[in-house]
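# Examining the three-dimensional arrangement
For reference, the chains in residue letters:
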Amino acid sequence: MPESNRQDKTATQATYWQAQLSSDMVTEQHRREFELWLDERPENKMAWREVNAFWAGLDSLTEADIADVTSSRVIAFKRPHRIRPSSRYTRPALAMAASLLLMVSLVYTQGGFYFADYTTPPGKQRSVILADGSEIIMNTDTAISVDYSTQHRQITLHDGEAYFTVAADAKRPFEVQTHSGQVRALGTEFNIKTGQNDVTVTVYQHAVRVTAENGKVIESLPEGQQVAFSDDALSAATTANLQRGQAWRKQRMIFQDRPLAEVIAELNRYRSGSIIVMNNDIKTLPITGVFATDDTNIALQTIEQSLPVTVTKITKKLVLLTAK
């Protein structure tokens, strides 16, 4: 194999492992396979260091780094002077960054969708009526599987968010399995939303039983309460804002004094591709507002008009937010 092709292949493999190990679906088997690949050849270690150095430098990209990349801008930059390009990460680097970021967001975080019985694409909702009359309203970018038998009713929420209205059946418990634990219905209606590292359950009618992955249990979480749980933690119950919590069912997002990074993370759930906040110093800017889930571009324009940030569209699937 020619040396240039070998280098390209090694770089591709390093990129694959960076994305795989960044995924919330990484397993111990993946880590063991990565260690074997890393020790296989010195070139692998060198490629791995270069990929990680590149990734770490993304936050320092400036307007000048992206100025000559072929792009369609939402609204032009408004800075009065040109900023010196980064010495390490220039125009070709940004193009590579776009490819890497999209690969991570569109491939490696979507594993559950390949095994699901029902899915929704970004920005869409879906109602599923089950055999017993129970209903699941699926929010954007959601994947579920259904396993009904004569003894149990089990739903696997692979990813996303769903609102459950459960039909009574004392002989068959209704349980929802998530990546961080399990929720059992003790009544009628509840909402579950998965995050990268945790899961939030909100009860709208009656109660649920919550079992975190580490074995901690809330025997009965009552109506109007919510908890968050992860692989190793289960929060105390808090009073939920039920009206705000079900805004997504009316295609609305409501934020009150929330940091920009949190708002952008929510907007990303309703888009194909990624919005990336490039500067750490703007991630904490507070936002209060109501946005429609069916057109996140309007939300981005509103954010740009309200905050000292600039929105730049690199491709149809990659948008960058930078400080003005």
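These numbers come from a predicted model, not from an experiment.

### Considerations on the overall build of the protein chain
- Counting its secondary structure elements, the protein chain contains eight helices and 19 strands.
- The 324 residues of the protein chain split such that 44% are buried.
- Counted over contacts in the protein chain with a minimum sequence separation of 6, partners at least 24 positions apart contribute 51%.
- Looking at the protein chain as shown, the accessible area adds up to about 16500 Å², and 50% of this sits on carbon and sulfur atoms.

### Some details on the sheet that holds strand β2 (residues 126-129)
- The sheet built from seven strands is open, its strands ordered β2-β3-β6-β9-β10-β13-β14 with antiparallel pairing. Strands at the two margins of the open sheet, each flanked by one partner only, are β2 and β14 (238-239).
- As paired strands, strand β3 (residues 135-138) and strand β6 (residues 161-165) are joined by four bridges and run antiparallel to one another. Looking across to β6, one finds that E135 is bridged to T165.

### Section: the confidence of the model for the protein chain
- Residues at a pLDDT of 70 or more form 75% of the protein chain, whose mean pLDDT is 80.
- Considering only residues more than four positions removed or in separate chains, one finds that residues 58-95, a stretch of pLDDT under 50, has 67 contacts.
- Contacts for the low-pLDDT stretch residues 104-109, under 50 throughout, to residues beyond four places or in other chains number 16 contacts.

### Describing the packing of helix α7 (residues 260-268) against helix α8 (residues 296-306)
- Remark: α7 packs on α8, axes separated minimally by 11 Å, with the N-to-C direction vectors making an angle of 165 degrees. The angle between α7 and α8 falls in the class roughly antiparallel. Viewed along their axes, α7 and α8 form a crossing whose handedness is left-handed. Residues L260, V263, I264 and L267 of α7 form the contact with α8, whose own contacting residues are T296, A299, L300 and I303.
- Tallied by class, the residues present in the contact of α7 with α8 amount to seven nonpolar, one polar and no charged.

### Comments concerning the environment of A167
- For A167, the position within the fold is in the loop between β6 and β7 (174-178).
- Overall, the relative accessible area of 21% leaves A167 in the partly exposed class.
- In this structure the C-alpha to C-alpha distance between A167 and G187, which are 20 residues apart in sequence, comes to 8.6 Å.

### Points about the sheet that holds strand β5 (residues 153-159)
- Taking strand neighbours across the sheet as the criterion, the seven strands line up as β1-β4-β5-β7-β8-β11-β12 in an open arrangement whose pairing is mixed. Whereas interior strands pair on both sides, the edge strands pair on one side only; in this sheet they are β1 (118-119) and β12 (217-222).
- Where strand β8 (residues 181-185) lies against strand β11 (residues 207-212), five bridges are found, and the strand directions are antiparallel. For V183, the partnering residue across the bridge sits in β11 and is V210.

### Focus on unusual backbone geometry
- The phi dihedral of H206 falls on the positive side, at around 65 degrees, and the residue is not glycine.
- Tracing the backbone through its elements, the reader meets H206 in the loop between β10 (199-203) and β11.
- Backbone geometry places Q251, a non-glycine residue, at a positive phi of 60 degrees.
- Tracing the backbone shows Q251 in the loop between α6 (242-245) and β15 (252-259).
- Residue Q251 is classed as partly exposed on the basis of its relative accessible area of 33%.

### Examining α7
- Residues L260, V263, I264, E266 and L267 constitute the buried set of α7. An end-on view of α7 places all buried positions within 160 degrees of arc, on one side of the element.

### As for the nonpolar core
- If you look at the biggest cluster of nonpolar residues, it comprises 27 residues, and the most contacted ones within it are F164, F174, F190, I192, V201 and V210.
- Non-local contacts of V201, meaning those with residues more than four positions away in its chain, are made with V183, F190, N191, I192, V208, V210, L221, Q225, Q226, V227 and F229.
- In this structure, M253, Y270, L321 and A323 belong to the second largest nonpolar core, which totals 26 residues.

### Some details on the pairing of β10
- Within β10, four of the five residues are buried, which leaves it mostly tucked inside the rest of the structure.
- Direction of pairing for strand β9 (residues 189-194) relative to β10: antiparallel, over a ladder of five bridges. The residue of β10 that forms the bridge with N191 is T202.
- Linking two consecutive strands that pair antiparallel, namely β9 and β10, is a turn of four residues.

### Section: the pattern of salt bridges
- Throughout the structure, instances matching the rule amount to ten salt bridges.
- For D132, the salt bridge is made with R153, and the minimal N-O distance between the two is 2.5 Å. Of this pair, D132 sits in the loop between β2 and β3 while R153 sits in strand β5; the two residues are 21 residues apart in sequence, bridging distant segments of the chain.
- When its relative accessible area of 21% is taken as the criterion, D132 is described as partly exposed.
- For the salt bridge of R172 with D169, the shortest nitrogen-to-oxygen distance reads 2.9 Å.
- Accessibility expressed as a relative area gives 16% for R172, which makes it buried.
- We classify D169 as partly exposed; its relative accessible area is 26%.
- Several salt bridges converge on common partners, so that one network encompasses E161, K193, E266 and R269.

How each quantity is defined
Within any chain, residue numbers begin from 1 and follow the written order of that chain's sequence. Totals for whole chains, interfaces and linings use all residues, but because this is a predicted model, local features are given only for residues with pLDDT of at least 70 and pairs of side-chain atoms are given and counted only at 80 or more. Only hydrogens and water are set aside when side-chain values are computed; all heavy atoms of the structure are taken into account. A run of H or I in DSSP counts as a helix once it spans at least four residues, and a run of E counts as a strand once it spans at least two, with each numbered from the N terminus. Buried residues are those whose accessible area, probed at 1.4 Å on protein chains only, stays under 20% of the maximum for their type, while exposed residues exceed 50% and partly exposed ones sit between those limits. Any pair of residues with heavy atoms lying within 4.5 Å of one another is described as a contacting pair. Note on areas: Shrake-Rupley with a 1.4 Å probe; residue coverage comes only from the protein chains shown. Any two strands between which DSSP finds at least two bridges are classified as paired. What pLDDT expresses is the predictor's confidence in each residue, scored from 0 to 100. Angles here are taken between N-to-C directions and fall from 0 to 180 degrees, while the axes themselves are lines fitted to C-alpha atoms, restricted in helices to the stretch in contact. Working rule for angles: under 35 degrees goes down as roughly parallel, over 145 as roughly antiparallel, 65 to 115 as roughly perpendicular, anything else as oblique. Crossings are sorted by hand: turned counterclockwise from the far helix by less than a right angle, the near helix makes the crossing left-handed, and turned clockwise it makes it right-handed. Nonpolar residues are Ala, Val, Leu, Ile, Met, Phe, Trp, Tyr, Cys and Pro. Charged residues are Asp, Glu, Lys and Arg, and all others, Gly as well, are polar. What the arc covers is the set of directions going from the helix axis to the C-beta atoms. In this description, a nonpolar core means a group of buried Ala, Val, Leu, Ile, Met, Phe, Trp, Tyr and Cys residues linked to one another through side-chain atoms lying within 4.5 Å. A pairing counts as a salt bridge when a side-chain nitrogen of Lys or Arg comes within 4 Å of a carboxyl oxygen of Asp or Glu.

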